[in-house]
Amino acid sequence: MDQKWPQEIWLVRHGQSAGNVARDAAEAAAGLLIDIAERDVDVPLSELGVRQSQALSGWFAALPPGSQPNVVLHSPYVRAAETANILMQRLNRDELLAVHADERLREKEFGILDRLTVRGIAEKYPELHEQRHHVGKFYFRPPGGESWCDVILRLRSVLDTITREYPRERVLIVAHQVIVNCFRYLIERMDEATILEQDRAGDVPNCSVTSYAFDPTLGKRGKLAVRLVNFVAPLEATGTPVTVAKDQPTAAKA
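My aim in this report is to walk through the structure given alongside it, one point at a time.

Read from one edge of the open sheet, six strands run β3-β2-β4-β1-β5-β6, paired in mixed fashion. Of all the strands in the sheet, the pair left with one neighbour each is β3 (98-101) and β6 (223-231). Across this sheet, the average inter-strand angle for adjacent strands is 15°, counted without regard to direction. By the bridge criterion, six bridges tie strand β1 (residues 8-13) to strand β4 (residues 170-175) in an arrangement that is parallel. Looking across to β4, one finds that I9 is bridged to V171.

Given below as structure tokens:
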């Protein structure tokens, strides 16, 4: 049987970022603006985010030989790249087939609503707030930004690349909350109501893993089957020192 899918796919949301901390603080204070100076692309991991990434790195390193990721694709945003680099530091680099930053895995673009809390949107752009509520986040596209459907469109292209270049491989994808949810929509063949129900149930935890393994018994040619959903590795009692490397060499494809 000609297998088009990878043997396994792991979807990982980046570790907690400084932006996540600032957002939580702004919402707790009923603020209008999330207090971050950097561009969204440049926001780094928080100290907790580094520890979360270290813990998940240990979890991946403990997988049996031949079961660890051998392809790593990540968002170019700093917090995702830092997470990916920490995860790779306990993997066997000699077995890595490819490591790539892919701009199609970037965070959903918020346009003029960037850095605003929900209250901030309601007060600064009441008409957009009403439209967002009426249309729903799946189809609502803020000026200069993206809807979930826009994100799904670029992720369809990512899946085309993965099935073309990495069949039978073990692919780790490190990205963002909306990216994880939209991949789930595609891989699990959800509809709008189902994925939004999952979204309402709670945030995708930082540094959590949602994974799929190829099952040849599903369908006519086999399909990806869910193995884990939002699994979080326990923090290590004493963190193993791990440097947050800014640049990692790209492994040549075999």
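This next bit is on the environment of A213. Structurally, A213 can be placed in strand β5 (residues 209-215). A213 sits eleven residues away from L224 along the chain, and the two C-alpha atoms are 5.3 Å apart. Look past the residues within four positions of A213 in its chain and what remains in contact with it is Q7, E8, K223, L224, A225 and R227.

Take the packing of helix α2 (residues 47-61) against helix α3 (residues 78-88) next. Where α2 meets α3, the closest approach of the two axes is 8 Å, and the angle between their N-to-C directions is 40°. Regarding the angle of α2 to α3, the classification is oblique. The way α2 lies across α3 gives a crossing that is right-handed. Contacts between α2 and α3 pair V50, S53, Q54, L56, S57 and F60 from the former with T83, I86 and L87 from the latter. For the contact of α2 with α3, the class distribution of residues is five nonpolar, four polar and no charged.

Turning next to the packing of aromatic side chains. Applying the stated rule across the entire model yields five aromatic pairs. Joined through ring pairs, the aromatic side chains of W10, W59, F60 and F231 make up one cluster.

What follows covers helix α1 (residues 18-28). Among the residues of α1, those classed as buried are G19, N20, A22 and A26. Burial along α1 is one-sided: seen end-on, the buried residues are contained in an arc of 165°. Buried-residue contacts for α1 involve β1. Its side-chain oxygen placed 3.2 Å from the backbone nitrogen of G19, S17 serves as the N-cap of α1. Count one or two residues on from α1 and you reach A30, which has phi positive near 55°.

Parameters and conventions
Residues numbered from 1 in each chain as written. Predicted model: local features only at pLDDT ≥ 70, side-chain atom pairs only at ≥ 80, totals over all residues. Heavy atoms only, no water. Pairing = 2+ DSSP bridges. Helix = DSSP H or I, 4+ residues; strand = E, 2+ residues; numbered from the N terminus. Axes fitted to C-alpha atoms, helices over the stretch in contact; angles between N-to-C directions. Contact = heavy atoms within 4.5 Å. Parallel < 35°, antiparallel > 145°, perpendicular 65-115°, else oblique. Left-handed = near helix turned anticlockwise from the far one by under 90°. Nonpolar A, V, L, I, M, F, W, Y, C, P; charged D, E, K, R; others polar. Phe/Tyr/Trp six-rings, centres within 6.5 Å; stacked < 30°, edge-to-face > 60°. Buried < 20%, exposed > 50% of the residue type's maximum accessible area, 1.4 Å probe, protein only. Arc of directions from axis to C-beta. Polar contact = N/O pair within 3.5 Å; in protein donor to acceptor, adjacent residues only side chain to side chain.

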